[in-house]
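Commentary on secondary and tertiary structure
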Amino acid sequence: AQSVAQPEDQVNVAEGNPLTVKCTYSVSGNPYLFWYVQYPNRGLQFLLKYITGDNLVKGSYGFEAEFNKSQTSFHLKKPSALVSDSALYFCAVEGNTPLVFGKGTRLSVIA
Amino acid sequence: DAGVIQSPRHEVTEMGQEVTLRCKPISGHDYLFWYRQTMMRGLELLIYFNNNVPIDDSGMPEDRFSAKMPNASFSTLKIQPSEPRDSAVYFCASSGSNEQFFGPGTRLTVL
């Protein structure tokens, strides 16, 4: 069965600094990997996905993620964090069944 | 498209009452998912449908929970009888390919 791990419950970063939110996965076969963001009192919003091709995937709001097959990781990154990036971020993997979500990482960007 | 539509947005009820949550997926999407989100348990997949047919309901917590999808544009999640531990935000999502599109959620409070 596929699974996703987000090892950090909380990530704090200063505005303007680069940010990384970590995700590792386990799946049989080739993974489909996703990042979603949830703002307060809202549903999850799709940020980006990796299906195949270039290991560096660019998504919405300046976010990108790097697929690393050898480390089974799909970390979310942004070169310069904004206060408005503060939210709950979910990594997800699709294998033989629909998306399995991680527990989420709360990102706080401090001005 | 208006996106995934859920109603009601908020529901407050008393223990023992029947609760019905409604969802209208994005037109043309053939997958529909029901999730529950709480602080303690995070995001849980309850059930999902493909072409109106329930595929996996292993996440439904108890027999008090039931879900139907009578047609491609409508689904319900019913809790009967409701209990205080059912208090959560319930999300509906639909998908036509890989990424899922989430509704705004229904915040359920059972007193």
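You'll find the structure just up there.
Residues numbered from 1 in each chain as written. Chains lettered and ligands numbered in written order. Predicted model: local features only at pLDDT ≥ 70, side-chain atom pairs only at ≥ 80, totals over all residues. Heavy atoms only, no water.

1. Focus on the overall build of chain A
The secondary structure content of chain A amounts to zero helices and twelve strands. Of the regular secondary structure in chain A, the N- to C-terminal order runs β-β-β-β-β-β-β-β-β-β-β-β. Here chain A has a C-alpha radius of gyration of 13 Å; the compact-globule value for 111 residues is 13 Å, and the two agree. Projecting the C-alpha coordinates of chain A onto the three principal axes gives extents of approximately 40 × 30 × 20 Å. When contacts within chain A are restricted to residue pairs at least 6 apart in sequence, long-range pairs at least 24 apart make up 55% of them. Only carbon and sulfur atoms are counted for the fraction: they give 48% of the accessible area of chain A, which is about 5400 Å². If you average the places of the 9 positive and of the 8 negative side-chain charges in chain A, the two averages end up 3 Å apart. (Helix = DSSP H or I, 4+ residues; strand = E, 2+ residues; numbered from the N terminus. Rg over C-alpha atoms; globule rule 2.2 N^0.38 Å. Contact = heavy atoms within 4.5 Å. Areas by Shrake-Rupley, 256 points an atom, 1.4 Å probe, with all protein chains shown as cover. Lys, Arg positive; Asp, Glu negative; His and termini not counted. Charge placed at Lys NZ, Arg CZ, Asp CG, Glu CD.)

2. Considerations on the interface of chain B and chain A
Across the boundary between the two partners, chain B contributes 14 residues, which contact 17 residues of chain A. On inspection of chain B and its partner chain A, the count reaches one salt bridge. A salt bridge links A:Lys49 to B:Glu99; its shortest N-O distance comes to 2.8 Å. Connecting chain B to chain A are four residue pairs in polar contact (both at pLDDT 80 or more). Contributions of two or more residues to the side of chain B that touches chain A are made by strand S4 (31-38), strand S5 (42-50) and strand S10 (100-102) of chain B. No other element matches the three residues that S4(B) contributes to the side of chain B that touches chain A. Partitioning the side of chain B that touches chain A into residue classes produces seven nonpolar, four polar and three charged. (Salt bridge = Lys/Arg side-chain N within 4 Å of Asp/Glu carboxyl O. Polar contact = N/O pair within 3.5 Å; in protein donor to acceptor, adjacent residues only side chain to side chain. Nonpolar A, V, L, I, M, F, W, Y, C, P; charged D, E, K, R; others polar.)

3. Notes on the sheet that holds strand S8 (residues 74-79) of chain B
All names here are of chain B. Read from one edge to the other, the open sheet built from four strands follows the order S1-S3-S8-S7, with strand pairing classed as antiparallel. Here the strands that pair on one side only, and so sit at the sheet edges, are strand S1 (5-7) and strand S7 (65-71). Between one strand axis and the next, the sheet turns by 15° as a mean value, whatever way the strands run. Where S1 lies against strand S3 (residues 19-24), three bridges are found, and the strand directions are antiparallel. If you follow Gln6 over to S3, its bridge partner there is Cys23. (Pairing = 2+ DSSP bridges. Axes fitted to C-alpha atoms, helices over the stretch in contact; angles between N-to-C directions.)

4. Quick notes on the state of the cysteines
Inspection of the entire model under this criterion finds two disulfides over all chains. At a sulfur-sulfur separation of 2.0 Å, the disulfide partner of A:Cys23 is A:Cys91. When the S-S torsion is -65°, as for the bridge of A:Cys23 with A:Cys91, the disulfide is left-handed. Taken together, the positions of A:Cys23 in the loop between strand S3 (19-21) and strand S4 (24-26) and A:Cys91 in strand S10 (residues 87-94) put the pair 68 residues apart, joining distant regions of the chain. The class of A:Cys91 is buried, set by a relative accessible area of 0%. Across the disulfide from B:Cys23 sits B:Cys92; the S-S distance is 1.8 Å. (Disulfide = S-S within 2.5 Å. Buried < 20%, exposed > 50% of the residue type's maximum accessible area, 1.4 Å probe, protein only.)

5. Comments concerning the pairing of strand S12 (residues 105-110) of chain A
All names here are of chain A. Only one face of S12 is covered, namely the face carrying Thr105, Leu107 and Val109; the face carrying Arg106, Ser108 and Ile110 is uncovered. Taken together, the five bridges between strand S2 (residues 10-14) and S12 define a ladder with parallel strand orientation. Paired with Asn12 across the strands is Ser108, a residue of S12. As judged from the three bridges shared by S10 and S12, these two strands associate in the antiparallel manner.

6. Looking at the side chain of B:Thr106
Inspection of the secondary structure puts B:Thr106 in strand S11 (residues 106-110). The class of B:Thr106 is buried, set by a relative accessible area of 0%.

7. A look at the nonpolar core
Among the nonpolar cores identified, the biggest contains 28 residues, and A:Trp35, A:Leu47, A:Leu48, A:Phe74, A:Leu76 and A:Tyr89 are the most heavily contacted of them. A total of four residues in this core trace back to one element, the largest contributor, which is S10(A). Membership of the second largest hydrophobic core comes to 21 residues, among which are B:Val19, B:Met60, B:Ala67 and B:Leu77. (Core = buried A, V, L, I, M, F, W, Y, C linked by side-chain atoms within 4.5 Å.)

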